[in-house]
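What follows is each chain in one-letter form.
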Amino acid sequence: MTKELEALFWELKMDLLNAIILLLNYIFVPALSYGSQLALGAIFVSLIYGILRFAYFTAGDLMSFGTMFTILFTWYFQSLGIGLGFLPTALIAIPFGIIVTIFYVLLKDKLVFSYYRTKKSPPVMLAMVSIGTMFVTQAIVRIIIGPFDRRFFDGEKFIIKANEFKEMTGLNEGLAIKSTQVITLFVTIIVVSILFWFLNKTKTGKSMRAYSDNEDLALLSGIDPKKVVMTTWVIAAILATIGGALYGLDKSFKPFTYFNNMLPIFAAAIVGGIGNPFGAFLGGYVIAFSEILLTYAYKKFFIYLLPENLEPEGLLQLLSTDYKFAVSFSILVVVLLFRPSGIFKGKVL
Amino acid sequence: MRNNLDIIAAYSIMLGLIILVGFLQSWSIALSILCLCLISAVMTIGANIQWGYAGLINFGIMGYTALGGLAAVLVSAPPVEEAWRAGGLNILLCAFIIFSMIFIIRLIIKKFSKLKNRNYIIAAIIIVGLILLRLISAPAIESIEAVNPATTGFLGGMGLPIIFSWIVGAFFAGGLAYVIGKIALGLRADYLAIATLLISEIVIAVIKHEDWLSRGVKNVIGLKRPVPYEIDLQGKEWFINLVQKFHQGSLNLISDNLEKQQALKQLVIESSTVFVKLCFAGLFTAVVIVLLIITQKALYSPWGRMMRAIRDNEEAANAMGKNVVKQHLLIFVLGSAIVGIAGAMLVTYDGLFTPGSYRPMRYTFLIWVMVIVGGSGNNFGAILGGFAVWFLWIEAAPIALFLINFFTSGLEETNALKVHLIDSIPYFRFLMMGVGLLLIMRYKPKGILPEKIKRV
């Protein structure tokens, strides 16, 4: 009697574990890495909105610009035979990509944006101008590297393979963790902690927050606006390149996809409260998780959890995967309507 | 007359450029550029009403264009009776449920505004409604899409002449704009821009993936034209005579009779495409002129003055007793409806509906470049912007080729840089658009033909 009961418990436990692993594998891990990539983008969009006070429509293309140079340097290092062994070569290329991107944004600021800033043009004007730079950036990327899909990942692809995991644990469901996902998470944590340390503890960071809070008061207390603006652009370039390169490593690099990523990035920034980098950081995960949670087919999950005679017939998918983008945009619209300052109270840096 | 000299000059230059293309490349290309210029002009009129008259940013132009296109399909495609039998009833039932849901929710919001747990009731209604919709529509959609999926697999349209869709498209787009305006118009300018951009992406996602309605990415082809087909024209007696008369001079030079017949046949084939495009251009010009007259009248009417007052100082206009919210909504709907007309015209011209081709770059941002380059607040300017930018967009490739050859003339033909540059010619159009937009915004922020305000 006890043996039978034990066997039943064992089976139940296995089912529960299988169900959890299933969710981990298909929802949690992918959403976490996608969310990190969005978060990096959303933070810099939010920063630019808070300090320079306009919607930066070049966001997606700036990311593709940085990624393009990372790829070019990766190829260069690969041709020289420099590599990191099991880690992707792109990791050494990222700093060089960042430097080029910093030069590019500073040049753009000098040639284009500074004029409107000194003239105190309305934010709408600056947003339009950023559409002009979006066209130019897109053209540069496409002329240099072309519009095609490119993969530049090298090194070890998986940290845990699905089969190995199954063998190791004896479960039915495998858990596959790609090395890019771990790298993404790791890099995001480091970059974001440095950024928040910078914003909260250093003098420049504090002056940036003051400038975002109240421009006139900040100028009155002797904060150099040029320095604040320059630092913002440098941070934007760093975050854009890292976020873009991580996305490209995880999936692939295609200029059009990057342009499209601008939309969920904006959604993340606004959902988190635009002008509030920490909100934007969390907003990235909110968007990523809701996109994947709402479009995942839960059939298998419930097969594990429910007794056999209750097994579901349909796919149990709330929305078809085609509506992935639509999910994040609908969340955005709802947030805009009911809480325009975002979930985490925006516009206070 | 003297006041309008710049307008006349700008338009003559534009027309001259198109004629030049006719002489240098071919009349067929020149006319298709002209047709698309005219369609772009309709779009810019719509965008200009919103931005130039009222200062509203609408980055959802792509969505309204696609809705106009959908209207063209729903009006002109022949109905698929089998699909209607398979699931038409359920779809109608779904539509009824949606309408009753909206009605009930409106009723609750209006009548029971003091109810404590009102929001929970509304949420419950929405959730129950969605589950009902899902249960009713899922089998219907499946059976509709199973009806001959290679050629139909959707409900089809009404089989009416496609010209009607221009009006229907306007109503579709206007209806959507009403809903969006109701929710989003209270937002700040740049929030509104982002919200409309994202909503238009949702519209495209729906059109792309609801196969029962629009065939989705499988495209709808072979929509009936409002103008004659080339093949029919080539067989018509009067058309051949017309071509003969038109080319009398060059035909007379050929002495051999057989050769003359051959040449005539060739000419008839060529002229038939030109004739068809001329018909299209005539129709589109009529639309543009009608819209231009209406918008021009509106701009200089008391209503237009009120709109400008609202644009320039919302608070003051409000203080003067003008209902800013209502006027904003009105102009949002009107402008979007005009864009919807353009969307239907575009599908009419192409004869096919391809939801996959609606991209924000081409249908939203390019239109904005047109409005800003041309001159916001001035209808003539907006139309000119549509012409000039579309012309540049198409002719960017030949211009870029010429420039590359000019600047790299010192290099060899096989030089890697030169080959790479020539391979990436199509992307120079983005560069030209971007640089053009930046230059105009910097040195002529009011556009080529700036807004003129008549003093009464």
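Calculation notes
- Residues numbered from 1 in each chain as written.
- Chains lettered and ligands numbered in written order.
- Predicted model: local features only at pLDDT ≥ 70, side-chain atom pairs only at ≥ 80, totals over all residues.
- Helix = DSSP H or I, 4+ residues; strand = E, 2+ residues; numbered from the N terminus.
- Buried ≥ 20, exposed ≤ 12 C-beta atoms within 10 Å, placed from the backbone.
- Contact = placed C-beta atoms within 7 Å.
- Rg over C-alpha atoms; globule rule 2.2 N^0.38 Å.
- pLDDT = per-residue confidence, 0-100.
- Core = buried A, V, L, I, M, F, W, Y, C linked by C-beta atoms within 7 Å.
- Axes fitted to C-alpha atoms, helices over the stretch in contact; angles between N-to-C directions.
- Parallel < 35°, antiparallel > 145°, perpendicular 65-115°, else oblique.
- Left-handed = near helix turned anticlockwise from the far one by under 90°.
- Nonpolar A, V, L, I, M, F, W, Y, C, P; charged D, E, K, R; others polar.
- Domains from an automatic or database assignment.
- Expected span 1.5 Å × (residues − 1).

**Quick word on the overall build of chain B**
A tally of regular secondary structure across chain B gives 19 helices and zero strands. The principal-axis extent of the C-alpha atoms belonging to chain B is close to 90 × 60 × 50 Å. The 456 residues of chain B split such that 40% are buried. Sequence-distant contacts, at least 24 apart, represent 83% of the contacts inside chain B between residues at least 6 apart.

**Here's the deal with the overall build of chain A**
For chain A, the helix and strand inventory stands at 13 helices and two strands. The C-alpha atoms of chain A give a radius of gyration of 23 Å, which matches the 20 Å a tight globule of 349 residues would have. Overall, the C-alpha framework of chain A stretches about 85 × 55 × 35 Å when taken along its three principal axes. Within chain A, the proportion of its 349 residues that are buried is 44%. Relative to all contacts within chain A whose residues are 6 or more apart in sequence, the contacts with residues 24 or more apart total 77%.

**Some thoughts on the confidence of the model for chain B**
The predicted structure's coordinates, where accompanied by low pLDDT, should not be read in detail. Residues of chain B with pLDDT of at least 70 account for 99%, and the chain-wide mean is 87. For this predicted complex, the interface confidence score (ipTM) comes to 0.87, while the overall pTM stands at 0.89.

**A look at the nonpolar core**
One finds A:Val45, A:Ala267, B:Ile39 and B:Val42 to be the most contacted residues of the largest nonpolar core, which totals 208 residues. Considering each element in turn, this core owes the most residues, 17 residues, to helix 2 (residues 27–53) of chain B. With residues up to four places along the chain from it excluded, the contact list for B:Ile39 reads B:Phe284, B:Ala342, B:Met345, B:Leu346 and B:Tyr349.

**Concerning the packing of helix 3 (residues 61–76) of chain B against helix 15 (residues 324–350) of chain B**
Residues and elements named next belong to chain B. Look at helix 3 against helix 15: their axes get within 7 Å of each other, and the N-to-C directions meet at 55 degrees. One finds that helix 3 runs oblique with respect to helix 15. The hand of the helix 3/helix 15 crossing is right-handed. Contacts between helix 3 and helix 15 pair Ile61, Tyr64, Thr65, Ala66, Leu67, Gly68, Gly69, Ala71 and Ala72 from the former with Ser336, Val339, Gly340, Ile341, Ala342, Gly343, Ala344, Leu346, Val347 and Thr348 from the latter. Class assignment of the residues belonging to the contact of helix 3 with helix 15 gives a composition of twelve nonpolar, seven polar and no charged.

**Things to note about the domain arrangement of chain B**
Residues and elements named next belong to chain B. Considered domain by domain, chain B is made up of domain 1 (2–79 + 156–443) and domain 2 (80–155). On a C-alpha basis, the centres of domain 1 and domain 2 stand 35 Å from each other. Counting residues at the interface gives seven residues for domain 1 and eleven residues for domain 2. Of the residues contributing to the side of domain 1 that touches domain 2, the split by class is three nonpolar, two polar and two charged.

**Observations regarding helix 15 of chain B**
For helix 15 of chain B, which comprises 27 residues, the first-to-last C-alpha distance of 39 Å matches the rise-based estimate of 39 Å (1.5 Å per residue) to within 8%. Of all 27 residues making up helix 15 of chain B, 20 are buried, and the element is well covered by its neighbours.

**Structural notes on helix 11 (residues 277–295) of chain A**
Residue and element names in this part refer to chain A. The end-to-end C-alpha distance of helix 11, which contains 19 residues, comes to 27 Å, matching closely the 27 Å that a straight helix rising 1.5 Å per residue would cover. Residues Pro277, Gly279, Ala280, Phe281, Leu282, Gly283, Gly284, Val286, Ile287, Ala288, Glu291 and Ile292 constitute the buried set of helix 11. Tucked inside the fold, the buried residues of helix 11 contact helix 1 (2–51), helix 6 (179–201), helix 10 (255–271) and helix 13 (324–338).

**Digging into unusual backbone geometry**
All names here are of chain A. Located in the positive-phi region is Arg53, a residue other than glycine, with phi close to 65 degrees. Relative to the helices and strands, Arg53 is located in the loop between helix 1 and helix 2 (59–80). By C-beta crowding, Arg53 is classed as partly exposed, having 17 other C-beta atoms within 10 Å. Despite not being glycine, Lys120 has its phi angle at roughly 55 degrees, a positive value. Counting through the fold element by element, Lys120 comes out in the loop between helix 3 (90–118) and helix 4 (123–145).

**A few points about the interface of chain B and chain A**
Of the residues lining the interface, 31 residues belong to chain B; the matching set on chain A comes to 35 residues. Of all elements in the fold, only helix 7 (189–209), helix 16 (360–374) and helix 19 (428–443) of chain B reach the threshold of two or more residues within the side of chain B that touches chain A. Here the side of chain B that touches chain A takes 13 residues from helix 7 of chain B, the largest share from any one element. Split by residue class, the side of chain B that touches chain A holds 24 nonpolar, three polar and four charged.

**Here we look at the packing of helix 13 of chain A against helix 7 of chain B**
At their nearest, the axes of helix 13 of chain A and helix 7 of chain B sit 9 Å apart, and the two run at 145 degrees to each other. Remark: the crossing between helix 13 of chain A and helix 7 of chain B carries left-handed chirality. Only B:Tyr191, B:Ala195, B:Leu198, B:Ile199, B:Glu201, B:Ile202 and B:Ala205 of helix 7 of chain B make contact with helix 13 of chain A, whose side of the interface consists of A:Phe325, A:Ala326, A:Phe329, A:Ser330, A:Leu332, A:Val333 and A:Leu336. Tallied by class, the residues present in the contact of helix 13 of chain A with helix 7 of chain B amount to twelve nonpolar, one polar and one charged.

**Quick word on the environment of B:Leu329**
As for its placement among the helices and strands, B:Leu329 is situated in helix 15. Considering only alpha carbons, one finds B:Leu329 and B:Ile49, 280 residues apart in sequence, at a separation of 12 Å.

**Thoughts on the environment of B:Ser40**
All names here are of chain B. Along the chain, the position of Ser40 falls in helix 2. By the C-beta count within 10 Å, which is 25 here, Ser40 ends up buried. With residues near it in sequence (within four places) discarded, Ser40 still touches Met370, Gly386 and Trp390.

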